[in-house]
Amino acid sequence: MNSDMLFYIIIGIIVVNFIKDKILDALNAKHFNDEIPEELADVFDKEAYDKAQAYKKTNYRFGVWSSLFSILLTLGFLVFNGFEFVDNLARSYSDNAIVIALLFFGIIMIASDIISTPFAYYRTFVIEEKFGFNKTTKKTFVFDKLKGLIMMAIIGGGILALIVWFYNLTKSQFWLYAWVLVTAFTIFMNMFYARLIVPLFNKQTPLEDGALRDKISEYATSVGFSLKKIFVIDGSKRSTKANAYFSGFGSEKRVTLFDTLVNDLEEDEIVSVLAHEVGHYKRHHILYNLIASIILTGLTLYILSIFISNPLLSNAIGVEIPSFHAGLVAFGLLYSPISEATGLIMNYFSRKFEYEADDYAKNTYKAEPLISSLKKLSKNSLSNLTPHPAYVFMHYSHPTLLQRIQNMRK
Ligand SMILES: [Zn+2]
């Protein structure tokens, strides 16, 4: 094995992955016009259906062009030794390994952010705007970008700096220290994300007293679930699309409802959505996901530790002076088929968990309000009612609407 061979393997992985994605997208798009299953006949009226068809096609075309642009850029960057250029640039400012790694990733991140911003802008202010979803102002858009970058610099930069430091100190043992660090961070974020990060982007207010809160409390008591923290978040600041999620555990557990969800759904329906979220908690899905992600991180870091000191990795992406940061990039590219496979497994379990949470809502509350709320949410987000099974298998973290309804009516 030499670095040239490794280079071509990397190119091969990127190209094959791209082709695979495009085939799946095209397969899925071919079924946009399929007949709507009987159970879903009442989701769209004629007008909403036409709009949904146009929305899917617009997104499909946008996806083709933006991914084509992105792969050409990535390949061009590799072929024209972009990483070597950035590495030299970073090395011209410092000879400290940590500073070089931070500069190296900082330059790449900022450059790719600048390049991808027009696409994000187009998606928000042209596509989402045209279909009536967008509520984001230009000011919110700019501030979101800035806050995201600053957060990335502090958190991502901090973790990277520590991992490089561990590596320089302990060489092949670094993965253990890195694992402990990432695990501690993951658990911390699971607990305090809603308290520390969400407020930077959204306003959360406790669900006000009234009929809805009483109904929710009544339900929570009936299943022996202490739920004191129910928050309504101003999702309407950015989009008309609605959502609800569960986060944290122990004393930090809370349910967050989008204001759009509270406005779009009847009380009964909101309680059923909440029952679904409680189901995720009661069936330990939050914990399983956390454990799975910790194990996967450990495994990935361990495999990384086997290869990272090999200069071939850095050389494969054209970087002459071997380093942890350049090796990390090459490893990330070479590892992507494996992370793709683990992603598939995670998606499989996620869909299984969704059925379990639906069953939980059905058994402890009612199925019909959950079905009608899922239909409303699908209508309001113009979702695809006839996705291709292969596409669902590869990309969906939730079962299709039809599958969920059939499961609940079983
Ligand atoms: Zn769920």
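Scroll up to find the structure.
A brief look at the structure comes next. (Residues numbered from 1 in each chain as written. Predicted model: local features only at pLDDT ≥ 70, side-chain atom pairs only at ≥ 80, totals over all residues. Heavy atoms only, no water.)

1. Quick look at the nonpolar core
And step 1. In this structure, Tyr 219, Leu 257, Leu 261 and Leu 274 are the most contacted members of the largest nonpolar core, which totals 49 residues.
And step 2. With six residues, the single largest contributor to this core is helix 10 (residues 267-282).
And step 3. Beyond its immediate sequence surroundings of up to four residues, Leu 257 is in contact with Ile 230, Phe 231, Val 232, Ile 233, Asn 243, Ala 244, Val 262, Ile 270 and Leu 274.
And step 4. Of all hydrophobic cores here, the second largest spans 38 residues; its members include Phe 174, Trp 175, Val 182 and Val 319. (Core = buried A, V, L, I, M, F, W, Y, C linked by side-chain atoms within 4.5 Å. Buried < 20%, exposed > 50% of the residue type's maximum accessible area, 1.4 Å probe, protein only. Helix = DSSP H or I, 4+ residues; strand = E, 2+ residues; numbered from the N terminus. Contact = heavy atoms within 4.5 Å.)

2. Re the packing of aromatic side chains
The description of an aromatic ring pair rests on the distance of the ring centres and on the angle between the ring planes.
And step 1. The full count for this structure, using the stated rule, is 31 aromatic pairs.
And step 2. Among the aromatic residues, ring-to-ring pairing joins Phe 62, Phe 69, Phe 119 and Tyr 122 into one connected group.
And step 3. Against the face of Tyr 167 rests Lys 171, its NZ or CZ located 4.5 Å from the ring centre.
And step 4. Looking at Lys 241, its charged tip hangs above the ring of Phe 133, at a distance of 4.4 Å from the centre. (Phe/Tyr/Trp six-rings, centres within 6.5 Å; stacked < 30°, edge-to-face > 60°. Lys NZ or Arg CZ within 6 Å of the ring centre and 35° of its normal.)

3. Things to note about the packing of helix 11 (residues 285-307) against helix 13 (residues 324-364)
In a pair of packed helices, the angle between the axes and the distance between the axes together describe the arrangement.
And step 1. One way to put it is that helix 11 packs onto helix 13 with a least axis distance of 10 Å and a crossing angle of 160°. Taken together, the axes of helix 11 and helix 13 are roughly antiparallel relative to one another. As helix 11 packs across helix 13, the resulting crossing turns out to be right-handed. Here His 285, Tyr 288, Asn 289, Ala 292, Leu 296, Thr 300, Ile 303, Leu 304 and Phe 307 of helix 11 lie close against helix 13, whose contacting residues are Phe 324, Leu 328, Phe 331, Tyr 335, Thr 342, Met 346, Phe 353, Glu 356 and Ala 357.
And step 2. For the contact of helix 11 with helix 13, a count of residues per class yields 13 nonpolar, four polar and one charged. (Axes fitted to C-alpha atoms, helices over the stretch in contact; angles between N-to-C directions. Parallel < 35°, antiparallel > 145°, perpendicular 65-115°, else oblique. Left-handed = near helix turned anticlockwise from the far one by under 90°. Nonpolar A, V, L, I, M, F, W, Y, C, P; charged D, E, K, R; others polar.)

4. Digging into the sheet that holds strand 4 (residues 254-258)
In any sheet, the strands associate via hydrogen bonds between backbone groups, in a parallel or an antiparallel arrangement.
And step 1. Strand order in the open sheet made by the four strands is 1-2-4-3, with mixed pairing throughout. Pairing within the sheet leaves two strands with one partner each, and these edge strands are strand 1 (204-206) and strand 3 (244-247). The average angle at which neighbouring strand axes cross in this sheet is 30°, direction not considered. (Pairing = 2+ DSSP bridges.)

5. Quick word on the coordination of the zinc ion
And step 1. The coordination sphere of the zinc ion contains the protein donors His 276 (NE2), His 280 (NE2), Glu 354 (OE) and Glu 354 (OE), at a distance range of 2.1 to 2.6 Å.
And step 2. Viewed at the metal, the four donor atoms of the zinc ion are separated by angles of 54 to 134°, and the geometry they form is irregular. (Donors = N, O, S within 2.8 Å, 3.2 Å for Na, K, Ca; no water. Tetrahedral: all angles 85-135°; square planar, octahedral: opposite > 155°, others 65-115°.)

6. Considering the environment of Arg 404
And step 1. Mapped onto the elements of the fold, Arg 404 is located in helix 16 (residues 401-409).
And step 2. Arg 404 sits in the buried class, given a relative accessible area of 8%.
And step 3. Spatially, the C-alpha atoms of Arg 404 and Tyr 360 are 13 Å apart, while their sequence positions differ by 44 residues.
And step 4. When neighbours within four sequence positions are excluded, Arg 404 is seen to be in contact with His 276, Glu 354, Tyr 355, Asp 358, Leu 374, His 398 and Pro 399.

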